[in-house]
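One letter stands for each residue in the lines below.
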Amino acid sequence: MNSNLTFGLHVPHLKFLLTILGPNLENNLNIGRPTTSVEKQLLSVIWLLATPDSYRSVGERFDISKSTLFACFERVIDTLNSVSSKDICWPRQEELVRIKEKFKAMANINGVFAAVDGTYVPIKASSENPDVYITRKCQYAIILQVMCDSDMKFVDCFVGYPGSVHDARIFRNSNIYHLICENVNKYFPGNEFIVADKAYPVLKWCIPPDID
């Protein structure tokens, strides 16, 4: 493993990712030109995602062509999407208890299960209605809404709304919002709740700060 190309990614984490994603990134057909190694596919795409570097510069760093890097990108992202539901999911009861206890230790508040907020994902200007993608920071973006537990692990993600859309509107249109409204007890069996900033609505299971 070339330590110069791992850019601080811990080896156990890399091995874990290789174990999970490797089978879907290998060339199992054994035909045609050799497939780029699984490790190089994964590291090059992580580098591309984590830096502002271009396809050309990342390809040069990993000694692969621009077209090969693009193919690796599509393959890795498709694979991540295919396994994401196994890790980004609502915790089971025993995990819910642990999360509440850790939030209690952190903030001395009983019943907190998760925190929700949105973040901007920068994009190039859209060819259709570009103005709706302009954020309050005057950048083009789409919004990623995330719920995180006490370990900052994602338990739910919702993405795609233009950058100008308010957090509360995105929240009320998200899949998790409708699922919770249909069966609150399923998601919060002990009257737990999530915390949010003042942009979010006040609900039995969603508590923003007191703004008085």
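Up top is the structure.
Analysis parameters
- Residues numbered from 1 in each chain as written.
- Predicted model: local features only at pLDDT ≥ 70, side-chain atom pairs only at ≥ 80, totals over all residues.
- Heavy atoms only, no water.
- Helix = DSSP H or I, 4+ residues; strand = E, 2+ residues; numbered from the N terminus.
- Buried < 20%, exposed > 50% of the residue type's maximum accessible area, 1.4 Å probe, protein only.
- Contact = heavy atoms within 4.5 Å.
- Areas by Shrake-Rupley, 256 points an atom, 1.4 Å probe, with all protein chains shown as cover.
- Axes fitted to C-alpha atoms, helices over the stretch in contact; angles between N-to-C directions.
- Parallel < 35°, antiparallel > 145°, perpendicular 65-115°, else oblique.
- Nonpolar A, V, L, I, M, F, W, Y, C, P; charged D, E, K, R; others polar.
- Polar contact = N/O pair within 3.5 Å; in protein donor to acceptor, adjacent residues only side chain to side chain.
- Lys, Arg positive; Asp, Glu negative; His and termini not counted.
- Salt bridge = Lys/Arg side-chain N within 4 Å of Asp/Glu carboxyl O.
- Pairing = 2+ DSSP bridges.
- Arc of directions from axis to C-beta.
- Core = buried A, V, L, I, M, F, W, Y, C linked by side-chain atoms within 4.5 Å.

### With respect to the overall build of the chain
Thought 1: What the chain contains, in helices and strands, is eight helices and five strands.
Thought 2: Out of the 212 residues in the chain, the part that is buried amounts to 33%.
Thought 3: In the chain, 50% of the contacts between residues at least 6 apart in sequence involve partners at least 24 apart.
Thought 4: On the chain, roughly 13300 Å² of surface is accessible, and the fraction owed to carbon and sulfur atoms is 53%.

### Some remarks on the packing of helix H3 (residues 55-62) against helix H4 (residues 66-87)
Thought 1: Interhelical geometry of H3 versus H4 gives an angle of 95° and a closest axis separation of 9 Å. With respect to H4, the element H3 is oriented roughly perpendicular. Contact with H3, carried on its side by Tyr 55, Val 58 and Gly 59, involves Lys 66, Leu 69, Phe 70 and Phe 73 of H4 and no other residues of that element.
Thought 2: A per-class count over the contact of H3 with H4 returns five nonpolar, one polar and one charged.

### Some thoughts on the side chain of Ser 174
Thought 1: Among the structural elements, Ser 174 can be located in the loop between helix H6 (167-173) and helix H7 (175-182).
Thought 2: The class for Ser 174 is buried, based on a relative accessible area of 0%.
Thought 3: Within the structure, the side chain of Ser 174 is placed 3.5 Å from the side chain of Gln 145, a separation counted as a polar contact.
Thought 4: What Ser 174 contacts, discounting residues up to four positions off in sequence, is Gln 145 and Phe 158.

### A closer look at the side chain of Asp 156
Thought 1: Locating Asp 156 in the fold gives a position in strand E3 (residues 154-162).
Thought 2: There is no salt bridge for the buried Asp 156, and the closest opposite charge comes from Lys 186, which lies 12 Å off by N-O distance.
Thought 3: When neighbours within four sequence positions are excluded, Asp 156 is seen to be in contact with Ile 88, Gln 145, Val 146, Met 147 and Ile 176.

### Structural notes on the sheet that holds strand E1 (residues 112-122)
Thought 1: Across the sheet, which stays open at both edges, the five strands sit in the order E3-E2-E1-E4-E5 with mixed pairing between neighbours. Only two strands of the sheet have a single partner each, and these edge strands are E3 and strand E5 (206-207).
Thought 2: By the bridge criterion, two bridges tie strand E4 (residues 193-195) to E5 in an arrangement that is parallel. Bridge pairing in E5 links Val 195 to Ile 207.
Thought 3: Against the sheet, helix H5 (residues 93-107) engages E1 and strand E2 (141-148), with an angle of about 85° to E1.

### Observations regarding H7
Thought 1: Taken as a whole, H7 has its buried residues at Ile 176, Tyr 177 and Ile 180. Burial along H7 is one-sided: seen end-on, the buried residues are contained in an arc of 105°. Away from its buried face by more than 90 degrees, H7 exposes Asn 175 and Glu 182.
Thought 2: In this fold, the buried residues of H7 make contact with E2, E3, H6 and helix H8 (184-187).

### Details of the packing of helix H2 (residues 38-50) against H4
Thought 1: Running from N to C, H2 and H4 cross one another at 90°; their axes reach a closest spacing of 9 Å. One finds that H2 runs roughly perpendicular with respect to H4. Between H2 and H4, the contacting residues are Gln 41, Leu 42, Ser 44, Val 45, Leu 48 and Leu 49 on the first element and Leu 69, Cys 72, Phe 73, Arg 75, Val 76 and Ile 77 on the second.
Thought 2: Its residues assigned to classes, the contact of H2 with H4 comprises nine nonpolar, two polar and one charged.

### Here we look at the nonpolar core
Thought 1: If you look at the biggest cluster of nonpolar residues, it comprises 22 residues, and the most contacted ones within it are Trp 90, Phe 113, Met 147, Phe 171, Phe 188, Ile 194 and Trp 205.
Thought 2: Only H5, E1, H7 and E4 provide two or more residues apiece to this core.
Thought 3: It is E1 that provides the largest number of residues to this core, a total of four residues.
Thought 4: Discounting residues that sit within four places of it in the chain, Phe 188 has contacts with Trp 90, Phe 113, Ile 180, Phe 193, Ile 194 and Trp 205.
Thought 5: Grouped together as the second largest cluster of nonpolar side chains are 17 residues, Leu 14, Leu 21, Val 38 and Val 58 included.

### Remarks on the pattern of salt bridges
Thought 1: Counting across every chain of the model gives four salt bridges.
Thought 2: The partner of Arg 98 in a salt bridge is Asp 151, with the nearest N and O atoms 2.8 Å apart. Here Arg 98, found in helix H5, pairs with Asp 151, found in the loop between E2 and E3; they are 53 residues apart in sequence, far enough to count as distant.
Thought 3: The exposure class assigned to Arg 98 is partly exposed, which follows from its relative accessible area of 30%.
Thought 4: We classify Asp 151 as partly exposed; its relative accessible area is 34%.
Thought 5: Within the structure, one salt-bridge network assembled from shared partners comprises Glu 95, Arg 98, Lys 102 and Asp 151.

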